[in-house]
Every structure is written in C-alpha cells, then in structure tokens.
Amino acid sequence: YLDAHLPGSPGVNNNLVFDNEFQCGPGSNYIDYCRPFGVDGFASGAAEGNVFFHNSMHDFSVAAQVNGNNNYVVANQCHEVFNSKARRFPTGQCFSVQPYQWSRDNVIANNTMANTADVAIQFIPGKAGVSSGHQVTGNIMYGCGLAAKATRRDACIAVALDDSVGP
C-alpha cells in the first residue's frame, strides 16, 4: 500500500510495482482488507508518478485503489474478482478511482479485466475532493458485473453521478 492519505504524510512518489502476483483466495473479505494494491494521496503531490505494471491480480474482493495524480496502471491482469460480505463498500471490482482530496490525470491502460462481480473500473465520488482528467484506454474487459445489482449488470465501467467526478 503506497499510503499518504493522512495530513502530514511525507508522500509516496515515483515507485515502480511490477511483475507481482496478488491473490487472496475465496475467503477474503473487506475486514481482511485484501486488495491487490492501493495508492492514496491526501494533497496534491502526495501520491504521484507511481507505476503499477504487469501484475497479476486474482481471487480477491476489494478493488485496487488509485488515488493521487499522474499514476499509471498499465498491462496488468485482473480476474476472478468476487463480492465480499461487506456490501456497503465497493467490492467485486478491479480498480476504483476516488480522491481523498486529489485524484487527477491517472492512466489505466492496456489491462485485461475479466470475471468481476461488479464493474471492472469504478470512478467513485470523493467527499473531500475532485476526481478528473483520467484516461482509460486500450483495456480488454469481459465478464463484468456477474453478481452486480440489476442496474450495473454487464457494465464494465461505472462513473458516479456526482460533481466531484469531473471530465
């Protein structure tokens, strides 16, 4: 977890996380906090320039979290993502993008996402900031929303209807 989401955090910048396998198993849940990875920044500059490249993520329940600015999630494989029992939190997704205060210009590119319980990528509103300018390009997504509620079934990307989620 590249964590700089608290005021006064020194920041987590310019890290390379590559060629790893993240796997939790069928018993994982939100309480176990089994998410493949996370990057969180409290303020502009607190979580920037991090690269998550060519990782394999499977058999988990809580989405990899991408907060901060100018981070890159490229050429990863994400599959067999199931719902946890903690239904009030986002579950069953590959990636969630949500600001604590800043989340801008992140790139999610050339990933393969398959067999997710909910959407593959969700842009979540932030209570403290704005999420905008992200690029989602060149991804392969299939088997999305297999256990989602009816309004999200078969959707691969969800963008929240909220002023904090920008263009």
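Further up the page is the structure itself.
What you see is a predicted model, and the numbers here were worked out from it, not measured in a lab.

A few points about a nonpolar patch on the surface
A grouping of Leu 16, Phe 18 and Phe 53 is seen on the molecular surface, where their side chains present a nonpolar patch of about 290 Å² in accessible area. Checked against the element boundaries, Leu 16 lands in strand S2 (residues 16-18). We classify Leu 16 as exposed; its relative accessible area is 52%.

So, unusual backbone geometry
At Asn 110, a residue that is not glycine, the phi angle is positive and equals roughly 55 degrees. For Asn 110, a relative accessible area of 47% corresponds to the partly exposed category. A positive phi is found at Asp 154, a non-glycine position, where the angle reads about 70 degrees. The residue Asp 154 is located in the loop between strand S18 (140-142) and strand S19 (157-159) in this model.

Side note on the sheet that holds strand S7 (residues 64-66)
The sheet built from 6 strands is open, its strands ordered S1-S4-S7-S11-S15-S19 with parallel pairing. In this open sheet, the two edge strands, each paired with only one partner strand, are strand S1 (2-4) and S19. Pairwise comparison of adjacent strand axes, ignoring direction, gives a mean angle of 20 degrees for this sheet. Here 3 bridges tie strand S15 (residues 121-123) to S19, and the two strands are oriented parallel to one another. Bridging across to S19, Gln 122 finds its partner in Ala 158.

A few points about the nonpolar core
Phe 37 and Phe 95 are the most contacted members of the largest nonpolar core, which totals 27 residues. Of all the secondary structure elements, the ones that give two or more residues to this core are S1, strand S6 (56-60), S7, strand S10 (77-81), strand S11 (95-97) and S15. Dropping the residues within four chain positions of it, Phe 37 is found in contact with Phe 22, Phe 52, Met 57, Ala 64, Gln 65, Val 66, Val 73 and Phe 95.

Structural notes on the environment of Val 62
Assignment of secondary structure puts Val 62 in the loop between S6 and S7. Through-space distance from the C-alpha of Val 62 to that of Phe 82 is 8.2 Å; in sequence the pair is 20 residues apart.

Rules and cut-offs
Residues numbered from 1 in each chain as written. Predicted model: local features only at pLDDT ≥ 70, side-chain atom pairs only at ≥ 80, totals over all residues. Heavy atoms only, no water. Patch = residues over 30% accessible without salt bridge, like charges linked within 9 Å, V, L, I, M, F, W, Y side chains within 5 Å. Areas by Shrake-Rupley, 256 points an atom, 1.4 Å probe, with all protein chains shown as cover. Salt bridge = Lys/Arg side-chain N within 4 Å of Asp/Glu carboxyl O. Helix = DSSP H or I, 4+ residues; strand = E, 2+ residues; numbered from the N terminus. Buried < 20%, exposed > 50% of the residue type's maximum accessible area, 1.4 Å probe, protein only. Pairing = 2+ DSSP bridges. Axes fitted to C-alpha atoms, helices over the stretch in contact; angles between N-to-C directions. Core = buried A, V, L, I, M, F, W, Y, C linked by side-chain atoms within 4.5 Å. Contact = heavy atoms within 4.5 Å.

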